[in-house]
Amino acid sequence: MKIVTILGTRPEIIKLSPIIPLIDKEFDHILIHTGQHYSYNMDKIFFEELGLRNCDYSLNVGSGTHSMQTGKMMIEIENVLLNENPDWVIVQGDTNSTLAGAITASKLNIKIAHVEAGCRSFDKKMPEEINRILVDHCSDILFAPDENAVKNLAAEGIQKEAIHLVGNTSVDACLRIMDLFNLNRLTELNLEKENYILLTIHRQENTEYNKLKEIIKAVNQISNRIKVVFPLHLRTKKIIEDNNIEISENILQIDPVGYKEFIWLLKNSKFVMTDSGGIQEESAILNVPCLILRDNTEWEYLVNMGKTQLVGTNYKNIISSVSDLLNNNWKLEKMKNIKAPLKKNASKKIVNILMQYQ
Ligand code: UD1
Ligand code: UDP
């Protein structure tokens, strides 16, 4: 059986990292990188840290408008798929690379397996939500991370036999990188354990100028009380620089960091504020309280069980939610002590299931 795996962005590289070596071992396996992320610290650093092999095809598509980027990827992916003629295409998550991979495979009648299927934020204004829905509806195997995802797929009429509840591959990736820890960035960055907040912002809707300005105004205020560490996604960095958005000097702005360093910063933080999907999972894995800078999330069950908290992006709400956590240590402890049902070995389960389709 021949499999082509397609990836293109930071979270796809990280979440597919535990699966790629397993597929290499069992199948004839071709790896395509669309080039959606291309800067060293958004891309190659993860291959190095996670010991991933080189991709067989690098499509170098780069940045652009959604349609231009997705369209270019489709044209390039089609060439590779016609050349390689695989039995299956694997895609992960909800990015434009995921969408381009799935649609192109579907047009060529190649079977598709979707890792992290069934997640829904129910917010169709997010490009990721449309990508998830479209990819799920052209996939032949749907690897769901949790019961909610299974329910979402069933509610949309996806055949039960195609859905497999396997868990989150982010658990495997995260545990593996923790084995490789050998860092002491706390001293280098002049940070004290559990005495800083980690912050990430990169969503399209949160990096619109007025929205970003409002979020940063709130964080500037918060940073008068506690240090904030802010690894800047390159989208966010560009918008801050282009618009001269003022950031308090109590906020430590750093370039995007590697996975090892990020997990280290997360593990040692007091709590994290983020709009990232992957970081919500990781905060639950590492029992770090997480305030979500969004009005909705595809990891809703973590919110429902009190493990993470939806805060939105409004100045007042951000300030009051953060103050609440800083003033009431017991609330932080309560969030830490809730156990999320995140289990390891999703990656092995995925590969075992793929073997049954041979
Ligand atoms: C993409 C995904 C998003 C995911 C995120 C992970 C889509 C629609 N969005 O968003 O779901 O959460 O990746 O990080 O697929 N840039 C660089 N170097 C890079 C990559 C990006 O400078 O290596 C800058 C460019 O200015 C680019 C901008 O970031 O225009 C946005 O990049 P893009 O890949 O379009 O979207 P992300 O915000 O990264
Ligand atoms: N991450 C990283 N360095 C950073 C910020 C994030 O390695 O500076 C990792 C993080 O641990 C998680 C993934 O990148 O595994 C999340 O990616 P991102 O937030 O860009 O995308 P999303 O998960 O929201 O799609």
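Up top is the structure these notes are about.
Since we're looking at a predicted model, the values are computed, not measured. (Residues numbered from 1 in each chain as written. Chains lettered and ligands numbered in written order. Predicted model: local features only at pLDDT ≥ 70, side-chain atom pairs only at ≥ 80, totals over all residues. Heavy atoms only, no water.)

(A) Spatial organisation of the overall build of the protein chain. When helices and strands are counted, the protein chain shows 17 helices and 13 strands. Each principal axis of the C-alpha distribution contributes one length, and for the protein chain these read about 60 × 40 × 40 Å. Relative to its 358 residues, the protein chain shows a buried fraction of 59%. When contacts within the protein chain are restricted to residue pairs at least 6 apart in sequence, those whose partners lie at least 24 apart make up 70%. Summed over its atoms, the accessible surface of the protein chain is roughly 15,300 Å², and 47% of this surface lies on carbon and sulfur atoms. Across the protein chain, the centroid of the 41 positively charged side chains sits 5 Å from that of the 45 negatively charged ones. (Helix = DSSP H or I, 4+ residues; strand = E, 2+ residues; numbered from the N terminus. Buried < 20%, exposed > 50% of the residue type's maximum accessible area, 1.4 Å probe, protein only. Contact = heavy atoms within 4.5 Å. Areas by Shrake-Rupley, 256 points an atom, 1.4 Å probe, with all protein chains shown as cover. Lys, Arg positive; Asp, Glu negative; His and termini not counted. Charge placed at Lys NZ, Arg CZ, Asp CG, Glu CD.)

(B) View of the site of ligand 1. Around ligand 1 lies a shell of 20 residues, among which H37, N96, E128, H202 and R235 are the nearest. Between an oxygen atom of ligand 1 and a side-chain N or O atom of H233, the distance comes to 3.0 Å. The side chain of R235 places a nitrogen or oxygen atom 2.6 Å from an oxygen atom of ligand 1. When ligand 1 sits alone it has 750 Å² of accessible area, and the protein chains cover 88% of it. Secondary-structure elements contributing two or more residues to the shell around ligand 1 are α4 (66-84) and α11 (234-242). Here the element with the most residues in the shell around ligand 1 is α11; it accounts for three residues. (Near = heavy atom within 4 Å. Polar contact = N/O pair within 3.5 Å; in protein donor to acceptor, adjacent residues only side chain to side chain.)

(C) Region of the structure containing the sheet that holds strand β4 (residues 88-92). Read from one edge of the open sheet, seven strands run β3-β2-β1-β4-β5-β6-β7, paired in parallel fashion. At either end of the open sheet lies a strand with only one pairing partner, and these are β3 (57-58) and β7 (163-165). The sheet contact formed by strand β1 (residues 2-7) and β4 spans three bridges and is parallel. Across the sheet, residue V4 finds its bridge partner in β4, namely V89. This element, helix α5 (residues 96-107), spans β1, β4 and β5 (111-115) of the sheet and lies at about 160 degrees to β4. (Pairing = 2+ DSSP bridges. Axes fitted to C-alpha atoms, helices over the stretch in contact; angles between N-to-C directions.)

(D) Highlighting the site of ligand 2. In the region of ligand 2, 18 residues are neighbours, and R203, V257, S276, G278 and E282 sit closest. Here an oxygen atom of ligand 2 and a side-chain polar atom of R203 are 2.7 Å apart. Within the backbone of G278, an N or O atom sits 2.8 Å from an oxygen atom of ligand 2. Protein chains bury 96% of the 540 Å² of accessible surface belonging to ligand 2 in isolation. Elements with a minimum of two residues in the shell around ligand 2: α1 (10-16), α12 (259-267) and α13 (277-286). At four residues, α13 tops the list of elements feeding residues into the shell around ligand 2.

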